[in-house]
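Structural characterization, general
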Amino acid sequence: MDEPVPIVFVVDDDESVRVALTSLIRSVGLEVEAFGSGSEFLSSQRPDVPSCLVLDVRLPGVGGLDLQRALSDAGEAIPIIFITGHGDIPMSVRAMKAGAVEFLPKPFREQDLLDAIRQAIERDAVAREQREELVGLRGRYGTLTSREREVLALIAQGRLNKQAASKLGISEITIKLHRRHIMEKMKATSLAELARMVERLA
Amino acid sequence: MMRPNQDPVSDSAPSGSIDVRREAEERWRAVYENSAIGIAVTDVSGGFLSVNPVLQRMLGYTEAELRRLSLLDLTPTEDREATRSRTAELMDGRRTEYHVERRYVRKDGAVLWVNTSVSAVPGSDRMPAMLVKIVEDITERKRAEVELLALRDQLATELLAMTRLHELSTRLLGITELHPLLEEVLRAIIALQNADFGNVQLFNAKTGALEIVAQLGFQREFLDYFGTVREEGAACGRASVRRERIIIEDVETDPAFAPHRRIAANAGFRAVQSTPLFSRTGEPLGMISTHFRRPHRPLVHELRLTDLYARQAAEMIEGKANEAEQRKLATLVEASFDFISLASLEGEVFFINPAGRRMVGFNGAELRGTHMLDYVAEEDRERIERQVLPTVLRDGRWEGEARFRHFATGAPIPMLPHIFLMREPASERPLALATISRDMTERKHAEEAMRRAQGELAHVTRVMSMGELTTSIAHEVTQPLTAMVTNGYAALRWLDREVPDVGEARAAVERIIAVGNRASDVISRVRAFAKKAVPNKATLDINEVIREVLSLAQPEVLARRVWLRMELSQSLPPVTGDRVQLQQVVLNLMMNGIEAMRAVTDRPRDLVVKSRLRNEEILVAIQDSGIGFPPETGGQPFDAFFTTKPEGMGLGLTISRRIIEAHGGRLWATPNAEHGASVHFSLPTEERARHG
């Protein structure tokens, strides 16, 4: 089974840097797509594979940090590695706080960059997985009836069947029945897992 | 036979009828009584026999009184001898008559001048029996004669005095010091008035007092007492205050002089006169006083002459003061560091001060025969002759730059002469052409030094913006470096693969070289920027500069398939600037424009270069139809950090702007209405740069 090939997006207005980076990243077996500006990147169709973004801070038009914010506003969580020709500390702090994976001054050591890329791809892959999971989870939760959700809420808190029954004004049996349905629908294998799911959903 | 009433006079008259005789007698009596002249008949010894009324009136005696007198009684003592001898001549027949002017003494003792005609009347024996005198009063005439003589004497005296005054003046010309001069004048006045002593005082403007500067005949006591006078009582003080001559005929009787009587007595004078001296403009200069041992009042004509002498003294005093002034001015001219010269209205030079001679290296003793134009460098002579000198003669002055000529080396000397018309003070009549000039060489040196300093300053400023620049350089250099290093890594990685991809590796290495070369271009551009380039200012035609650049840019234009259009205004005024630097700017902007259109494929790549004149500024615009600047960037194109161009030419714009600003212009960019952007720069015209 083929793992989807991760892709690295490179955004830098300097062509020579773009080309060099593209060559380097491809040489380690990753896909690269390069853009000359933030807006170009934003308006591009991105394939649904683990990816990361190697981004110069200073860009014409939409600057690096702006892009970062724009992406996070749009709910896109693609990990960002900043590269910059200026060793600007306040900027780097801002970038990191806003969730960047790494902030590398140019010229960078290839190891630093490649490590960061790998890390970023990892993170993205993980994040994707988690997102997928969550989507699945949400989907499954969606199949619960309202009563089931009530029950789920209580048992996730650790309430005993008896307590839950009395709380909801239904019999213990009914509670047990709901419980079985919930576990099936949610595809949980243990109560602990169910509890985790509920946390995730919250 | 005896006739009744026979008059002895008519005894011998051979008359006819008695009536005729009576008529004759009556006629005679009428004449005798009514004549306007005096008639007298005397006997031969001069005793009056009959005297007509006129003569009686003349003499002041009645006839009866006169009959008791003789001629000699009426004759002044000193004249009697002459009278006797005249009468004797008549008597002894030497004469028959005489006419003479003589004096009579009237009854009241007054002297009468008369003109008499005396004739003898013979008796029967043919000997004089009587004398008839015709007397004419000439007293008035005589008085007039005497007066005339007196006047003539007076004139003679005055003439003598004037001659003496003239001699005095001539003599005084030889004396240069003021005090001996004044003493001479004093001496002359004392002699003129027959005074006993005198003094001359000068008015001290600072203290407002009169101070004795020359005196004749006074003792210490007087000098100490009257040495400095400020007050009213003394004659000179009074004269000073009243600004007119004061005469004190007798100090003993003059009340105001009372406080000074003792001094006067000790000094030995009883009378004094003080004549004030004034300058031409009425300023008090001093006083001349003469003193007399006895009470005295100088005669009017003496005072009149005194005034003449006083005027002379005043002129001398004024003259000395002026001389001092003049000497000061002359010293100023001699010692001045400026070139000062005088020439006739036709331009013939007759004076140059020492500094001026030094400046132009003129060591010839003889100025005569030189003309103003000889001192001017050849290239400026025509302008001076045709424009400047006529301006001076017409307007009275001219100031401007002109190159003089150094007589020894022939080198031009930049000067800033001020040429003006010297006029006679009273009549404003033009007298001469004066030139005062400053050597501009110093100033030019100073200007040069300042320009160098400005260049240094600009350099330092440039260096100071190294802060900006360093960051910008860092960026400009890190990009290629990053690219080079990254390409290097890539090359190695391609080669380290299980199956090395030599193609990729090679490509990477080639990229290293290419980027490296571009980077060194940037470095040399930066070096040029940091170099102390003092702009070479020359007069340039901006269109020419643009055209020269076009030939440099031609290959790129063709290669990039750019449509190049020129919209250059004809006959633009020149600008002052560094040709190479301005070419750099134009080339840079054109390259940027071409670069901006690199990605354009859907429309023509239009590059338009425009030049025009607006308000003493040359405006040049390079317009492209490229991607332009995104609206948000605004002024960012010139932010040294900012590079929109793939090749990293952001630094070029900063340098271009600095060059333009160093030329006194501005550089800015505007977006085009349709596509692309225009970069503009302005340069002041040479005219504006010179006067602006």
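Refer to the structure printed above.
Within every chain, residues take consecutive numbers counted from 1 along the sequence as written. Labels are handed out in written order, letters beginning with A for the chains and numbers beginning with 1 for the ligands. In keeping with the model being predicted, local features are shown solely for residues with a pLDDT of at least 70 and side-chain atom pairs are shown and tallied solely at 80 or more, while totals for entire chains, interfaces and linings include all residues. Values reported for side chains reflect all heavy atoms of the structure, with hydrogen atoms and water molecules removed beforehand.

1. So, the environment of Arg262(B)
Each helix is a run of DSSP H or I of at least 4 residues and each strand a run of E of at least 2, with the numbering of both proceeding from the N terminus. Structurally, the position occupied by Arg262(B) is in helix H10 (residues 261-267). Separated by ten residues in the primary sequence, Arg262(B) and Glu252(B) place their C-alpha atoms 9.7 Å from one another.

2. Structural notes on the interface of chain B and chain A
Every contact between the two is made by 26 residues of chain B and, on the other side, 27 residues of chain A. We define buried area as the total accessible area lost by two parts upon association, computed with a 1.4 Å probe and summed across both. Of the roughly 2,300 Å² buried between chain B and chain A, counting both surfaces, carbon and sulfur atoms make up 56%. Considering only the side of chain B, the residues that lose the most area to chain A are Gln479(B), Tyr489(B) and Arg493(B), jointly responsible for 26% of the buried surface there. Salt bridges are defined by distance alone: a side-chain nitrogen of Lys or Arg within 4 Å of a carboxyl oxygen of Asp or Glu. On inspection of chain B and its partner chain A, the count reaches three salt bridges. The contact rule is simple, with two residues in contact once any of their heavy atoms fall within 4.5 Å.

3. A closer look at the pattern of salt bridges
Per the counting criterion, the structure on display carries 49 salt bridges over all chains. Among the ionic pairs, Asp112(A) bridges to Arg109(A), the shortest N-O distance being 3.4 Å. Here Arg95(B) ties to Glu89(B) by a salt bridge, and the two come within 2.6 Å at their closest N and O atoms.

4. As for the environment of Pro390(B)
Residue position: Pro390(B) is located in helix H13 (residues 378-395). The classification of residues rests on relative accessible area computed with a 1.4 Å probe and restricted to protein chains. Under 20% of the type maximum is buried, over 50% is exposed, and intermediate values are partly exposed. Residue class for Pro390(B) comes out partly exposed when judged on its relative accessible area of 33%.

5. Thoughts on the packing of helix H6 (residues 146-157) of chain A against helix H9 (residues 191-201) of chain A
All names here are of chain A. The interhelical angle for the contact between H6 and H9, taken along N-to-C directions, is 115°, at an axis separation of 9 Å. What the angle tells us is that H6 and H9 run roughly perpendicular. Of the two elements, H6 crosses H9, and the hand of that crossing is left-handed. Contact residues: Leu-152, Ile-155 and Ala-156 in H6; Leu-191, Leu-194, Ala-195 and Val-198 in H9. Each residue belonging to the contact of H6 with H9 can be placed in one class, and the counts come to seven nonpolar, no polar and no charged. Each axis is a line fitted through C-alpha atoms, and for a helix only the stretch in contact is used; angles between axes span 0 to 180 degrees, taken between their N-to-C directions. Every angle not falling under 35 degrees, over 145, or within 65 to 115 is termed oblique; those three ranges are roughly parallel, roughly antiparallel and roughly perpendicular. Should the near helix be turned anticlockwise from the far one by less than a right angle, the crossing is left-handed, and should it be turned clockwise, the crossing is right-handed. Charged means Asp, Glu, Lys or Arg here, nonpolar means Ala, Val, Leu, Ile, Met, Phe, Trp, Tyr, Cys or Pro, and polar covers whatever is left, Gly included.

6. Considerations on unusual backbone geometry
Following Lys106(A), the chain continues to Pro107(A) via a peptide bond in cis, the omega torsion being -15°. You can see Pro107(A) is positioned in the loop between strand E5 (102-105) and helix H5 (110-142). Of note, Asn194(B) is a non-glycine position whose phi angle comes to about 55°, a positive value. One can find Asn194(B) in the loop between helix H7 (178-193) and strand E6 (197-204). Phi angles above zero are rare outside glycine, and Arg561(B) is one such case at about 55°. Mapped onto the fold, Arg561(B) is located in the loop between helix H17 (542-559) and strand E19 (563-568). A relative accessible area of 68% places Arg561(B) in the exposed class.

7. Side note on a nonpolar patch on the surface
Taken together, the side chains of Leu148(B), Leu151(B) and Leu155(B) make up a nonpolar region of the molecular surface, amounting to roughly 320 Å² of accessible area. Within the secondary structure, Leu155(B) sits in helix H6 (residues 139-173). The residues that make up patches have over 30% relative accessible area and no salt bridge, and they are joined within 9 Å when like-charged or within 5 Å when they are Val, Leu, Ile, Met, Phe, Trp or Tyr. Using the Shrake-Rupley algorithm and a 1.4 Å probe, accessible areas are obtained, with residue cover drawn only from the displayed protein chains.

8. Observations regarding the sheet that holds strand E5 (residues 128-137) of chain B
Residue and element names in this part refer to chain B. Any two strands between which DSSP finds at least two bridges are classified as paired. As summarised here, the arrangement of the five strands in space is E2-E1-E5-E4-E3, forming an open sheet in which the pairing is antiparallel. Unpaired on one side and paired on the other, strand E2 (48-51) and strand E3 (97-105) mark the two borders of the sheet. The average angle at which neighbouring strand axes cross in this sheet is 30°, direction not considered. In this structure, strand E4 (residues 111-122) lies alongside E5, joined through nine bridges in antiparallel fashion. Within the sheet, the bridge partner assigned to Ser-119 lies in E5 and is Val-132. Along the sheet, helix H5 (residues 80-91) makes contact with E3, E4 and E5, crossing E3 at roughly 150°.

9. Thoughts on H17(B)
Residue and element names in this part refer to chain B. Given a rise of 1.5 Å per residue, 18 residues ought to cover 26 Å, and the 26 Å separating the end C-alpha atoms of H17 matches this to within 8%. Its axis deflected by about 55° at Ala-553, H17 carries its strongest bend there, up to four residues before the proline Pro-555. Of all the residues in H17, the buried ones are Ile-542, Asn-543, Val-545, Ile-546, Val-549, Leu-550, Ala-553 and Val-557. Residues of H17 that are buried make contact with strand E18 (538-540), E19, helix H18 (579-596), strand E21 (606-614), strand E22 (617-624) and strand E24 (677-684). After H17 finishes, the residue Arg-561 shows a positive phi value of roughly 55°. Multiplying one less than the number of residues by 1.5 Å gives the expected span of a helix. One axis is fitted to the seven residues ending at the residue and one to the seven starting there. The bend at that residue is the angle between these axes.

10. Re the packing of aromatic side chains
Centre distance within 6.5 Å is the pairing criterion for rings of Phe, Tyr and Trp, where only the six-membered ring of Trp is used; planes under 30 degrees apart are then read as stacked, over 60 as edge-to-face, and the remainder as tilted. Applying the stated criterion to the full structure yields twelve aromatic pairs over all chains. Look at Phe218(B) and Phe269(B): their rings are 6.3 Å apart centre to centre, the planes differ by 90°, and that puts the pair in the edge-to-face class. With Phe218(B) in the loop between strand E7 (209-216) and helix H8 (220-226) and Phe269(B) in the loop between H10 and strand E10 (271-278), this pair connects stretches of sequence that are 51 residues apart. Residue Phe269(B) is classed as buried on the basis of its relative accessible area of 3%. Over a ring means this: the NZ of a Lys or the CZ of an Arg is within 6 Å of the ring centre and within 35 degrees of the ring normal. Sitting over the ring of Phe41(A), Arg46(A) keeps its end group 4.5 Å from the ring centre.

11. A look at the nonpolar core
The biggest cluster of nonpolar side chains holds 34 residues, and the ones touching the most others in it are Ile542(B), Ile546(B), Leu589(B), Met590(B) and Phe681(B). Counting only elements with at least two residues in this core, the list comes to H17, H18, E21, E22, helix H19 (650-662) and E24 of chain B. If we ignore the near neighbours within four places in the chain, the residues touching Ile542(B) are Leu572(B), Leu582(B), Ile618(B), Val620(B) and Leu683(B). Formed by 29 residues, the second largest nonpolar core is a distinct cluster that contains Val8(A), Val17(A), Val32(A) and Ala508(B). The criterion is simple. A nonpolar core is a set of buried Ala, Val, Leu, Ile, Met, Phe, Trp, Tyr and Cys residues joined through side-chain atoms within 4.5 Å.

12. Some points on the sheet that holds strand E8 (residues 228-229) of chain B
All names here are of chain B. Read across the open sheet, the six strands follow the order E8-E7-E6-E11-E10-E9; overall the sheet is antiparallel. Edge strands, defined here as strands with exactly one partner in the open sheet, are E8 and strand E9 (246-248). In the sheet, E7 pairs with E8 via two bridges, with the strands oriented antiparallel. Across the sheet, residue Leu-210 finds its bridge partner in E8, namely Val-229. Contacts from H7 reach E6, E7, E10 and strand E11 (284-292) within the one sheet, and its direction differs from that of E7 by about 70°. Contacts from helix H9 (residues 235-242) reach E6, E7, E8, E9, E10 and E11 within the one sheet, and its direction differs from that of E9 by about 150°.

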